[in-house]
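Geometric and topological summary
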Amino acid sequence: MRFYDREQEMAFLMKTREQAKTVARFTVLTGRRRIGKTTLIREAYKDEPFVYFFVARKAESDLCEVYLEEITEKLGIPTLGTSRHFKDIFRYLMQLSMTKSFTLVIDEFQDFFRVNKSVFSDMQDIWDEFEKKSHINLIVCGSIYSLMQKLFKDKKEPLYGRNTAELRLKPFQPSVLKQIMADAKPGYSQEDLLALFTFTGGVAKYVNQLVDAGATDKDAMIRHIISPNSTFLNEGKNNLIEEFGKDYGVYFSILSCIARGKNTRSEIEDVIGKEVGGYLTNLENDYELIAKRQPLFEKSTTKNVHYELGDVFYSFWFRFIFKYSYIIEIENYAKLREIIERDYNTFSGLMLERYFHRMAMESGEFTRLGRWWDRKGENEIDLIAEDELADSATFYEIKRQKDEINIGELKEKAEVMLRATGAFKDYEITYEGLSMEEM
């Protein structure tokens, strides 16, 4: 699959490289694994060699040997011979950058925690010493968000405040997914597009794997994902166990509950059998894997709270792959595919709501987006979009099929919401239905 999107991010990286010719730049690039951070950098800087260090989990001396070879190859200059410590290499590059502007990328930067924690304080000292005289374009990438946040946002950490910019890479927007589908399968159906979003959430690596495998319809995607040797099967474990450490079992159970629709704290605690407040706080604030949702205009910060997995792929993974891992253990892939097929319409209907929320965000037409539900669970509105500049609000009902939409019921729910909240007085109110036809 060819490179898609990221125009703004590309422009930012190229501008940063130009700025570094005058003054040192230190950019922190974050994003979940598989989102395409390294691919983005390679595409942005494909016209000029850059030094690339990958922080593998091996001895520091072994890493340094590889790094020295990379410097020689990319910059075409002799290095300082041999070195067993990263601080010596970084000092050498910072000194070199006083007379030569170049880009240094350090990938999986947070893994220096495992290699040698003193690297961070060493880098602080060296950066502070040479920053004012340097012309380096330093980019550090990290996929473990909690550690990257700690490194640069915690005042107790040596690199606090040292970065000059931060770039967060997010999944593809709906418009990009449509472009990818149009290129991969001209004449694609809306069901194909919804399936791609439901199974990947717009994460570049997953989209790339399905498209390159020719899996461009729902059934083909399911067959590819649920098959022997599929890389999708272990994705959740590979990406998250390291983040969670020894408590990963509790975190996985909580995420599985939320993915299955147990989305209030009391429901989760009933299933887990223990108090989970601290875990939920960590999942929301440190790991950014869940989001606390409340109805629009809810005055209390603690009442009527629902939790939601912010990552669409993890919603799918915990709902089907983690939940039915015992089926995968006995290699009954056909049976798991049947289960996904059985529950697909319901699950993809929920993901369709996410899709239209993203579409509304991407449109830039609104000043506020959200949902609303009452505390009894009797009235729920899928999407409310406000434009306070135009004094207007639109209430949406979202269903897979257009003939399932009932605008009359939507108006009745909206009336309940308007009475309960007192919102949108003197606004122009409109009501619309969204289905796969509007994707």
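Preceding this section is the structure that the text describes.
Thresholds applied
Residues numbered from 1 in each chain as written. Predicted model: local features only at pLDDT ≥ 70, side-chain atom pairs only at ≥ 80, totals over all residues. Heavy atoms only, no water. Helix = DSSP H or I, 4+ residues; strand = E, 2+ residues; numbered from the N terminus. Buried < 20%, exposed > 50% of the residue type's maximum accessible area, 1.4 Å probe, protein only. Contact = heavy atoms within 4.5 Å. Areas by Shrake-Rupley, 256 points an atom, 1.4 Å probe, with all protein chains shown as cover. Lys, Arg positive; Asp, Glu negative; His and termini not counted. Charge placed at Lys NZ, Arg CZ, Asp CG, Glu CD. Pairing = 2+ DSSP bridges. Axes fitted to C-alpha atoms, helices over the stretch in contact; angles between N-to-C directions. Core = buried A, V, L, I, M, F, W, Y, C linked by side-chain atoms within 4.5 Å. Patch = residues over 30% accessible without salt bridge, like charges linked within 9 Å, V, L, I, M, F, W, Y side chains within 5 Å. Salt bridge = Lys/Arg side-chain N within 4 Å of Asp/Glu carboxyl O. Polar contact = N/O pair within 3.5 Å; in protein donor to acceptor, adjacent residues only side chain to side chain. Parallel < 35°, antiparallel > 145°, perpendicular 65-115°, else oblique. Left-handed = near helix turned anticlockwise from the far one by under 90°. Nonpolar A, V, L, I, M, F, W, Y, C, P; charged D, E, K, R; others polar.

So, the overall build of the protein
- The helix and strand inventory of the protein stands at 19 helices and 11 strands.
- If you line up the protein on its principal axes, its C-alpha atoms span 75 × 55 × 50 Å.
- Burial status across the protein gives 51% buried among its 439 residues.
- Relative to all contacts within the protein whose residues are 6 or more apart in sequence, the contacts with residues 24 or more apart total 67%.
- Here the protein displays about 20500 Å² of accessible surface, and carbon together with sulfur accounts for 45% of that area.
- Of note, the protein has its 63 positive side-chain charges centred 4 Å away from the centre of its 72 negative side-chain charges.

A short note on the sheet that holds strand 10 (residues 392-398)
- Pairing is mixed in the open sheet, where four strands are placed in the order 8-9-10-11. Either end of the sheet is taken by a strand with one partner, and the two such strands are strand 8 (368-373) and strand 11 (428-434). Across the sheet, the axes of successive neighbouring strands diverge by a mean angle of 25°, strand direction being ignored.
- Across seven bridges, strand 10 lies against strand 11 in parallel orientation. Residue pairing for strand 11: F395 is matched across the bridge by Y431.
- Strand contacts of helix 18 (residues 333-363): strand 8, strand 9 (380-387), strand 10 and strand 11, with the helix running at about 150° to strand 8, the strand carrying the most contacts.

Regarding the nonpolar core
- In this structure, I41, F244, I254, L255, L283, F316 and F318 are the most contacted members of the largest nonpolar core, which totals 91 residues.
- Looking at this core element by element, the count peaks at 10 residues for helix 18.
- With near-sequence residues (within four places) excluded, I254 lies in contact with I268, I272, V276, Y279, L280 and L283.
- Counting residues in hydrophobic clusters, the runner-up holds 39 residues, among them L75, F86, F112 and F152.

Here we look at the environment of Y92
- In this fold, Y92 is placed in helix 4 (residues 86-96).
- Judged by its relative accessible area of 18%, Y92 is buried.

Quick notes on a negative patch on the surface
- A contiguous patch of negative charge, built from D62, E65, E69 and E73, is present on the exposed surface.
- Within the secondary structure layout, D62 lies in helix 3 (residues 60-75).
- Exposure remark for D62: the relative accessible area of 39% places this residue in the partly exposed category.

Description of helix 16 (residues 312-322)
- Among the 11 residues of helix 16, 10 are classified as buried, and the element is accordingly described as predominantly covered.
- All buried positions along helix 16 are accounted for by V312, F313, Y314, S315, F316, W317, F318, R319, F320 and I321.
- For helix 16, the N-terminal capping position is held by D311, with its side-chain oxygen 2.9 Å away from the main-chain nitrogen of F313.

Thoughts on the sheet that holds strand 3 (residues 102-107)
- An order of 2-3-4-1-5 is seen for the five strands of this open sheet, with the pairing classed as parallel. The sheet terminates laterally at strand 2 (51-54) and strand 5 (165-168), the two strands that pair on one side only. The sheet shows a mean angle of 15° between the axes of neighbouring strands, direction not considered.
- Relative to strand 5, strand 1 (residues 25-30) runs parallel, the two being bridged by four bridges. The residue bridging L29 from the neighbouring strand is L167, located in strand 5.

Topic: the environment of F320
- For F320, the position within the fold is in helix 16.
- Along the chain, F320 and R168 lie 152 residues apart, while their C-alpha atoms are 28 Å from each other.
- Those residues in contact with F320, other than ones at most four positions away along the chain, are L336, I339, I340, D343 and F347.

Some words on the packing of helix 11 (residues 218-225) against helix 18
- Following both chains from N to C, one finds helix 11 and helix 18 inclined at 140°, their axes separated by 10 Å at the closest point. It follows that helix 11 is oblique to helix 18 by the angle criterion. For the pair helix 11 and helix 18, the crossing hand works out as right-handed. Only R337, I340, E341 and Y344 of helix 18 make contact with helix 11, whose side of the interface consists of K218, D219, I222 and R223.
- By residue class, the composition of the contact of helix 11 with helix 18 is three nonpolar, no polar and five charged.

Examining the side chain of S227
- Here S227 shows up in the loop between helix 11 and helix 12 (235-244).
- A relative accessible area of 17% means that S227 is categorised as buried.
- Apart from residues no more than four positions distant in its own chain, S227 is found in contact with L233, Y333 and R337.

Coordinates in, geometry out; function isn't part of it.
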